[in-house]
Structure formats: C-alpha cells, structure tokens
Number of protein chains: 2
Amino acid sequence: MAEIEFDPTTHPHRRLNPLTNEHVLVSPHRTKRPWLGQTEPPQPSSLPPYDPACYLCPGNARAGGQRNPAYAHTMVFENDYAAVLPAPGPAAPPAPHPLLTTAPVQGGCDVLCFHPRHDLTLARLTVPDIERIVNEWGAIYRRRGAQEGIKYVQIFENKGAMMGCSNPHPHGQVWSLSAVPSLPATELANLTAYAHSTPPTPSAPAGPHGRACMLCDYASFEVRVAREEGRVVVQNEHWVALVPWWAIWPFEIMLLPYARHIPSIAELTQEEKTAFAEILSRLTKRYDNLFSCSFAYSMGVHQRPVPAPGGDDGDDVAHLHLHFTPPLLRSASVRKFLVGFELMGEPQRDLTPEQAAARLRACSEVHYLDVAEQAASAEKPMSKDVDSTNS
Amino acid sequence: MAEIEFDPTTHPHRRLNPLTNEHVLVSPHRTKRPWLGQTEPPQPSSLPPYDPACYLCPGNARAGGQRNPAYAHTMVFENDYAAVLPAPGPAAPPAPHPLLTTAPVQGGCDVLCFHPRHDLTLARLTVPDIERIVNEWGAIYRRRGAQEGIKYVQIFENKGAMMGCSNPHPHGQVWSLSAVPSLPATELANLTAYAHSTPPTPSAPAGPHGRACMLCDYASFEVRVAREEGRVVVQNEHWVALVPWWAIWPFEIMLLPYARHIPSIAELTQEEKTAFAEILSRLTKRYDNLFSCSFAYSMGVHQRPVPAPGGDDGDDVAHLHLHFTPPLLRSASVRKFLVGFELMGEPQRDLTPEQAAARLRACSEVHYLDVAEQAASAEKPMSKDVDSTNS
Ligand SMILES: [Zn+2]
Ligand SMILES: [Zn+2]
C-alpha cells in the first residue's frame, strides 16, 4: 500500500501548546463543508463621541457615586465591584476534607479608560495615545506590585457585546492578586522546565543565566519562516504578532517581543514601548478590517509575577507576551462557540493557523471607517448639490 | 488586632480542582452588587413534535443525502462532516522545530438521536426512554472501542442555541479518537497520581488494587455532608449529582456513581443503568425548572480510555463521571461569559457552589411544561364554554 503523505491543510491532526501542555485538534478538511449559517452585513459605527449615560465618559457619575474627572488621555480608578478585596483578609479555614481546600485571596481591581472618546477603540487611537496606555499598564504593574502581598498583576481587555462587555467605551482592567492565576502559573512552570531541560539555541536570544527561553526560541523561529507559509501577521523591529502554531480561536494572536528576552512590561525601553504601541495599532486595525466591524476579543498580558523582595526568585524565565482571543469565525456575525467536545475533550479548529495568518496579512492597515469617512467627505459637495436640488 | 474569621459566603477565596490542578476564584461578596442587566420572561415551548425541515426527524433527508429511518426510539449515524477521519491516515511529518509538533489523529464521529420527537429533551423523556440512550452510549463505547487504533470514546451533548447548537431535536454526539483528549488525559493523570500517593479511606469504596480513588473518596464525603450545607442536588442508591466544590459554571454539575468504583459505562449493572436514567431525568427536570426554560448546557462523559489489548494498562483508575456545564446565571436570558480575566487568568464565580446547590435543591422534579399542560387541560372545558358563549 502506498504511503499517504501528510498534508496539514487536509489531514486531521493535533498540535501541542508547549506553554500549557494541552493539545488542539485541527480538522482542516472541514473548511470544505457547506456553510448553512446566516451572515449579516457589517454594522456601521453609530456611537456618539460622548454618551451622557456612560459611566466611563468624562464628567459622568459612576455606580459607586463618584464622578469622573474631565480626563484628556487615560483614567484609572478602582472597580466598585471588585472580584477581590484588599488585605488584610482572614486566615485559611481548616479543610473539611483534603480534597476541599480553600485559599483566601486578596488584592484589588483597577479599571483603565483608554481614552475620553466613547466611540474610539485601540484600532482608531493614534500611536501616541496607545503609548499612554502602555505607560499606564507599566505604572499600575509597578504600583500594585509594590503593595504588600501582591504576587500577580493581570492586565486584560474584554471588548465587544459578543464577549459580554456591555460598555463600548474603550477600557481595560487590571486585577492584582495575592496568588498567580492558574494560566500564567502553568505557563511559568512550563517556561521554567524548558529553561532547565533545553540547550540554548545560538540564533535565538538567551533567557536568564544564559539558559534557553521557550518564547525567545519560538519567536526567533517564526520570524524566519517564509512569510507566505508562516504564521506571522505583523512585525516591527522589536515585536511580532503571530497566529501561534497551537492557536485555539480562529484568529487568535500572540504578540511578543522577539529581539531580546523581556520578562515584564516594567523592563521595556522607550523605543520598545513606542514599537509596542505601533504594533498594537497595526494589529487591531487589521482585526477590524477582517470583517469590517469592531472586532470583539479578550486580550491578556502575561508577564513576570511581582518580583520577590530580595533576590532572584527564578521568575525571570517569564517572557512578556499578550494573547488575543477573538470569537469571530466567518463574518461580523458568525462566531465560534467553545462548547461540546471542546469543553469536554479539547479545543478544536477547522481553519489552520497558517490560513488564518494569511487572511490577516491580506487586510489593510488603514481602518475601514477612516476609508469610509474619507470617501464620504470627498463626495460631500456633490451630495449637497443633489440634496439642494431635491429640496 | 482581632482575627477575622473566614466566611465562605463573604470572603474572596480560591478553590482547587484536584482533577485538573487548576483553581477557580470565588468572589461571593459580589452577589450583593446591584443587577443592571436585562431579564426577559420565560419563553414557552412552541416546537412541533415533527419538523419537516429537521435533518434529525424520522423519515427526513440529511445533508449527506441519506434518509433517516422511521425510528421509534434512538437512531445512530456517522456525522457527514466529522472532525476526524477513519484510519489509515498518514504518518507524522517531521517537525519544522521541536516546539512545532504535529500528531495525526484518526477516528469517527457519531450522532445519536435521543428520540423521534422533535420537541422533547432528556428533561421530558420517560426513564425507560433515557435508559435506551444509556444503552446506546454503552453500545457505541464498545463498538468504537473495538476498532483498530481507537483510544478514547468521548460522549457529549451540546444543547441550546446559546451553546451554538442550532437544532433543538434531542441528540448527542460521540467522537472516537486515536488519542485521549487533553481534559480526560489530565484527569486520568491526576487520578493515577492520587491512587499512588494517598492512603485508602476505609469509609469509601476502593479503586483498583485496593488503592484510593479520588472520586470514590470525594463522592463518599459529599453524600455524608448535611444536605442543607452541602453540594448534593439529587441522589439515588447508585448515583449522586452535585455542584462540585471547584465548580466554574454557576450551576455546573458532576454526576457520578458513588457506591462502588466504576471505570466505564460498559461496566454498569442493569440496576445501575436504570438508576443512571432515573437520576438524569430528575436532574434535567430541575435544570429546566430553575428558570422555567429549556436549560442550555454542554454535557460530557469521562470514563476509562479504551482498554489496551492484553492486560492491565493502569487506566482502571478512571472513575466514570459526567460534567454538565450550563451557561445560565440569573434567568432564562442572563448568561455567564467565560471571558477577560477568566480566559487570561483563571475561572471566577460569584455564587458559591453551596448556594447553587441550594437553588437546584429547591426546584421541583415535575417539569414546568407538564404543570402548565395539566393546568391547561384542567381548564379546557371552561375555556370552551367561554369561547362558545363569545362566538
Ligand atoms: Zn525570552
Ligand atoms: Zn472510584
């Protein structure tokens, strides 16, 4: 019997995520099945620049009764309904059974407004405005990290009604906790194991103590793959945005620095911060242009846990990176659900990461709404004439 | 300073899931925050018993062109757009980098119609009809398990438009693969580690070789907790349905046998199968009654991987159990989203598992639609009189 040759765009296979040690099932042959679901035309943005009912707009009152300042760039405040409360908290109670353990947790939850304009998102902010957000992330990481007992500062953004986020005003959150959450803890354990088990790659930047860094190795490899076959979507001198080999969501992105090993946002140089803002702008514009809509996603920053006071705690193996997990699959209204086999077995995807990267590479970096507005303003004189003739 | 005493209904804390070694963040104080979202009245069921457009109804044509028989109980067929394909498949290709591995996977995907009636669900089927489904699960587990190369038979049900399931006709799926999916593989590894590290509990059933079984230990403990403080929702002589200590979803349920260690559905006695059908009926009725709606969920059966030919492969440590992960939170229309911090950090919940169990214990085991139909038929003569008077 003749050997069948493996074709990643045809043959079902599993890919391993070395950051979590979990697999994703890839079923590329299914992209050939007929699509029976509905699709809808893209929705034009109709948000006002200021919404008197928005609790994040400048000058408005929040649920807790406080009033927002007339802020010009970013604004940070403590969440009125935080998931964790400040220290001191109670001690751990005795477990009723060894399998039923409780660990008290303390911390604080901050809300970061990205910009006063209600109708803008990262995709429509200027690079200097995005750099102000990057600076705020760094400031919160340092400020919260200096508080007694804080071990992890989880920066994230949840965007879009599809993600359960009811307020379109551009904002993110930062939850600072006395424990490292499960996902970054798992990643850290796997980065540590890699550093101690893998010989350094001469062509990749080295991690702490000259050891191998999984993400330095991975990113260095990806930026050298021929673009048209690879997973890289956008790249600048310091950062690369790619659809990871083991992506779960159709247009999932990992964004990370690839030129040197950088454990946390606090260690970025000025140039690296500007490049970070620049690539965030380019990536989010491509996202919006993919289906001509404000692209929903959850974004999270994974980085070094707060350094232990007094000396090397081994956590410098962390390599700063961002995950973007957007739910959309085929259009502005057709989403992927992570349910059924995916909740009970393992995640599954049809479109390959390489196909998704090619789709995102084909998108423009000029936002579709800016194109629409430019076209509208170019046509305005004529439209006016028509209007006045008809009236 | 006086010590604060820990109160699980007030103080934020983390609970560990020993099956996955992942935490859930519990923020019970947040259940006190005001609810600003919309709620909608429950939708009455208006499905016809037979839908000529449904590809699962008896006698109708499927996408692949085949026609369903006029089935009277259950019906099984192979999915026309399966996520995996039958063996033989190609060999694994060489990895372009050690971090970019590909493992080909083979198998088959079956669809199991629970009943010919388009408008019924587990919650409205009779216990004998549910027992027929249990028997089909066992038959598929054995049939697929006997096929060359199959290592795992993942039985699941995905129910409700909210879960992306567009067809309300009662049905589940079974994906049989040449690899153990990530989640059951992780559970199996943790069950194995527990068996080898924990002394047996005299009051709990023993696992293979007289060793401790994590789920025998856990279930035996839970059924002995005083009902009003505990997590048990329904129990019969062989099975218990409980909101696990480490539940992520508001009304998540684990359903498992607690009277003896049972690795797989193939090892159930007749009495255990009938009791399984009985508790499935009682649990799903409570689910529907919680918010007077057809309760959406994903359900999965975790059990022993397919036994290796010729001898003890150690996988008898598996303890048969079902997970139910329903998204609803506050009403028929207010759901929980697993996004933001939960995707990037770890799952989080406000309502405690104990509070959720109490809510489900308070629900009736008579389905709300049956109550409504009985009330309607009792009133019919009078309604008729009124109608004829008015006409
Ligand atoms: Zn690195
Ligand atoms: Zn057991």
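These figures come from a predicted structure and were not determined experimentally.

Rules of the game
Residues numbered from 1 in each chain as written. Chains lettered and ligands numbered in written order. Predicted model: local features only at pLDDT ≥ 70, side-chain atom pairs only at ≥ 80, totals over all residues. Heavy atoms only, no water. Helix = DSSP H or I, 4+ residues; strand = E, 2+ residues; numbered from the N terminus. Rg over C-alpha atoms; globule rule 2.2 N^0.38 Å. Buried < 20%, exposed > 50% of the residue type's maximum accessible area, 1.4 Å probe, protein only. Contact = heavy atoms within 4.5 Å. UniProt positions renumbered as here; feature names shortened; annotations may be inferred. Polar contact = N/O pair within 3.5 Å; in protein donor to acceptor, adjacent residues only side chain to side chain. Donors = N, O, S within 2.8 Å, 3.2 Å for Na, K, Ca; no water. Buried area = accessible area lost by both parts, 1.4 Å probe. Salt bridge = Lys/Arg side-chain N within 4 Å of Asp/Glu carboxyl O. Expected span 1.5 Å × (residues − 1). Least-squares fit on C-alpha atoms with pLDDT ≥ 70 in both. Axes fitted to C-alpha atoms, helices over the stretch in contact; angles between N-to-C directions. Parallel < 35°, antiparallel > 145°, perpendicular 65-115°, else oblique. Nonpolar A, V, L, I, M, F, W, Y, C, P; charged D, E, K, R; others polar.

## Some thoughts on the overall build of chain A
Okay, so step 1: Each helix and strand in chain A was counted, giving 7 helices and 15 strands.
Okay, so step 2: Taking 391 residues into account, the globule formula puts the C-alpha radius of gyration at 21 Å, and chain A, at 23 Å, falls close to it.
Okay, so step 3: Across the 391 residues in chain A, those meeting the buried criterion constitute 55%.
Okay, so step 4: Intrachain contacts of chain A at a sequence separation of at least 6 include 68% that bridge at least 24 residues.

## A word on the UniProt feature "binding site: Fe cation" (unreviewed entry) in chain A
Residue and element names in this part refer to chain A.
Okay, so step 1: The sites that UniProt annotates as "binding site: Fe cation" (unreviewed entry) are Glu-187, His-302, His-321 and His-323. Spatially, the listed residues are clustered: although they cover 137 residues, their C-alpha atoms lie within 12.4 Å of one another.
Okay, so step 2: Considering the arrangement of structural elements, one finds Glu-187 in helix α2 (residues 182-197).
Okay, so step 3: Side chain to side chain, Glu-187 and His-321 meet in a polar contact 2.9 Å long.
Okay, so step 4: Residue placement: His-323 occurs in strand β12 (residues 321-325).

## Here we look at the coordination of the zinc ion (ligand 1)
All names here are of chain A.
Okay, so step 1: At the metal site, the zinc ion (ligand 1) is ligated by Cys-213 (SG), Cys-216 (SG), His-261 (ND1) and His-319 (ND1), and these contacts range over 2.0 to 2.3 Å.
Okay, so step 2: Each donor residue of the zinc ion (ligand 1) lies on the same chain, and together they follow the pattern C-x2-C-x44-H-x57-H. Of this pair, Cys-216 sits in helix α3 (residues 214-224) while His-261 is found in the loop between β10 (253-257) and α4 (270-290), placing the two residues 45 residues apart along the sequence. Each member of the pair Cys-216 and His-261 is classed as buried.

## Focus: the interface of chain B and chain A
Okay, so step 1: Contacts between chain B and chain A engage 78 residues on the former and 78 residues on the latter.
Okay, so step 2: Carbon and sulfur atoms supply 71% of the area that chain B and chain A bury against each other, a total of about 6500 Å² over both sides.
Okay, so step 3: On the chain B side of the interface with chain A, the three residues burying the most area are Leu-99, Phe-341 and Met-344 of chain B, jointly 13% of the side's total.
Okay, so step 4: At the junction of chain B and chain A, the tally comes to 0 salt bridges.

## So, helix α4 (residues 270-290) of chain B
Given 3.6 residues per helical turn, the α-helix brings residues three or four places apart onto the same face.
Residue and element names in this part refer to chain B.
Okay, so step 1: Here α4 spans 31 Å end to end across 21 residues, near enough to the 30 Å set by a 1.5 Å rise per residue.
Okay, so step 2: In terms of burial, α4 is largely enclosed, as 16 of its 21 residues are buried.
Okay, so step 3: Ser-292 sits one or two residues past α4 and shows a positive phi near 50 degrees.

## Points about the environment of Tyr-50 of chain B
Residue and element names in this part refer to chain B.
Okay, so step 1: For Tyr-50, the location among the structural elements is in the loop between β2 (22-26) and β3 (75-78).
Okay, so step 2: Judged by its relative accessible area of 40%, Tyr-50 is partly exposed.
Okay, so step 3: Note: C-alpha distance between Tyr-50 and Thr-101 (51 residues apart in sequence) is 47 Å.
Okay, so step 4: Tyr-50 has contacts with Cys-57, Pro-58, Asn-60 and His-118, leaving out every residue within four places of it along the chain.
Okay, so step 5: A distance of 2.6 Å separates the side chain of Tyr-50 from the side chain of Asn-60, its partner in a polar contact.

## Points about the UniProt feature "binding site: Zn(2+)" (unreviewed entry) in chain A
Residues and elements named next belong to chain A.
Okay, so step 1: The positions UniProt marks with the feature "binding site: Zn(2+)" (unreviewed entry) are Cys-54, Cys-57, His-118 and His-169. The greatest C-alpha distance among the residues just named is 8.1 Å, despite their covering 116 residues of sequence, which places them together in space.
Okay, so step 2: Within the fold, His-118 resides in the loop between β5 (107-113) and α1 (127-145).
Okay, so step 3: Judged by relative accessible area, which is 2%, His-118 ranks as buried.
Okay, so step 4: Leave out the neighbours within four places in its chain, and His-118 touches Leu-47, Pro-48, Pro-49, Tyr-50, Asp-51, Cys-54, Cys-57, Asn-167, Pro-168, His-169 and Pro-170.
Okay, so step 5: Tracing the chain through its elements places His-169 in the loop between β6 (152-159) and β7 (171-177).
Okay, so step 6: Discounting chain neighbours no more than four positions away, the residues touching His-169 are Cys-54, Leu-56, Cys-57, Tyr-71, His-115, Pro-116, Arg-117 and His-118.
Okay, so step 7: Only 3.1 Å separates the side chain of His-169 from the side chain of Tyr-71, close enough to count as a polar contact.

## Some remarks on the relation of the copies chain B and chain A
Okay, so step 1: Superposition of chain B onto chain A requires a rotation of 180 degrees combined with a translation of 0.0 Å along the rotation axis, giving an RMSD of 0.0 Å. Considering both components of the superposition, the chain copies are consistent with a two-fold axis. Of the C-alpha atoms belonging to chain B, the one lying closest to the rotation axis is found on Leu-338 of chain B, 5.0 Å away.
Okay, so step 2: When the interface residues of chain B are mapped onto chain A, 100% of them again fall at the interface, so both copies present the same face.

## So, helix α2 (residues 182-197) of chain B
Okay, so step 1: Over its 16 residues, α2 of chain B runs 22 Å from end to end, which matches the ideal 22 Å to within 8%, given 1.5 Å per residue.
Okay, so step 2: Considered for burial, the residues of α2 of chain B that qualify are Ser-182, Pro-184, Glu-187, Leu-188, Asn-190, Leu-191, Tyr-194 and Ala-195 of chain B.

## A closer look at the packing of α4 of chain A against helix α6 (residues 353-361) of chain A
All names here are of chain A.
Okay, so step 1: Taken N-terminus to C-terminus, the directions of α4 and α6 make an angle of 95 degrees; their axes are 9 Å apart at the nearest point. In this view, α4 runs roughly perpendicular relative to α6, as classed from their interaxial angle. Residues Arg-286, Tyr-287 and Leu-290 of α4 lie in contact with α6, whose contacting residues are Arg-359, Leu-360 and Arg-361.
Okay, so step 2: Grouping the constituent residues of the contact of α4 with α6 by class yields 3 nonpolar, no polar and 3 charged.

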